[in-house]
Amino acid sequence: ACFSPTITRNPYYRGSFAMAALFQIPGYVPPGVDQLKTTLLQKERADIENMLQTIKNTWRKAGVMIVSDGWSDFKRRPIINIIAVNEAGPVFLQAINNEDGWMWMMDDYIAEKLIAAIEDVGSENVVQVITDNYPFCRAAGVLIEQKYSHIQWMPSVAHSLSLALENICAAKNAENVVFKDCHWISEVIGDAKMINDFISNHSMVLSMISEFSKLKILGIAHTRFASDIVMLKRFRFD
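Keep in mind that this is a model prediction, so the values were computed, not measured.

Attention shifts here to the confidence of the model for the protein chain. Here the protein chain shows a mean pLDDT of 81. Residues at 70 or above account for 82%. Within the protein chain, strand S4 (residues 126-131) carries the highest mean pLDDT (95), whereas helix H10 (residues 227-233) carries the lowest (73).

The next subject is the sheet that holds strand S2 (residues 78-86). Spatial strand order, S3-S2-S1-S4-S5: 5 strands in an open sheet with mixed pairing. Every interior strand has two partners, whereas the edge strands, strand S3 (89-97) and strand S5 (152-155), have only one. Within this sheet the neighbouring strands show an average axis-to-axis angle of 20°, counted without direction. With 8 bridges joining them, strand S1 (residues 64-72) and S2 adopt antiparallel strand pairing. Of the residues in S2, the one forming a bridge with Trp71 is Ile79. Sheet strands in contact with helix H3 (residues 39-56) are S2 and S3, and its direction is about 115° off that of S3.

With that settled, consider the environment of Ile82. Within the secondary structure, Ile82 sits in strand S2. Ile82 gets classed as buried once you look at its relative accessible area, which sits at 0%.

As for its placement among the helices and strands, Val142 is situated in helix H6 (residues 135-147). Given a relative accessible area of 41%, Val142 falls into the partly exposed group. Measuring from C-alpha to C-alpha, the distance between Val142 and Asp107 comes to 9.2 Å, with 35 residues separating the pair along the chain.

The rules behind the values
Residues numbered from 1 in each chain as written. Predicted model: local features only at pLDDT ≥ 70, side-chain atom pairs only at ≥ 80, totals over all residues. Heavy atoms only, no water. pLDDT = per-residue confidence, 0-100. Helix = DSSP H or I, 4+ residues; strand = E, 2+ residues; numbered from the N terminus. Pairing = 2+ DSSP bridges. Axes fitted to C-alpha atoms, helices over the stretch in contact; angles between N-to-C directions. Contact = heavy atoms within 4.5 Å. Buried < 20%, exposed > 50% of the residue type's maximum accessible area, 1.4 Å probe, protein only.

Here you go:
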């Protein structure tokens, strides 16, 4: 009862049952709650740490970027994610829950959390910090650059483009020449959203669509950058 029904879409969920069906294990008893919360959980974490160590071993030689973004879950609780990334792959470092206040919008608070992540990874291994392009994030980037002369702050390109498109297509710019040239983007997105809602709300139409495309029609959350582009791509049945 603790699992969402959408877990059935997860390929690992289906794969686990397919694997279990291949074997007969008479007398097998699934682990109890104590094992799941202690020994098995600790073993699983140790296995994951061992897999990630291969990536971490490259940080010293190849360098690493600290990437952070803020978003809200379905209950609108603000969360900050911090990830270490280089050419070997990403490593999730921390998710900071900020539902108790608005400190996540303060530059010194953001800088404090990022500096802690830099020290955890090893400041000598970090070459760049990437965040959203909000003013308080830019201010936090300045604080980090002042503390570490070899670390450069850079705004997220995806977020910067998202803000630029929002500004260009904003209704307040209706008399602007650029707005008139680009307004067709808003019209296309509006039409696509209407079609998306119609399909999602009619099971028969949705089943017909599923016959022609392996991709699902998704209602992308607004917290994701380029969410409208992701939605539009789902309407291309190649």
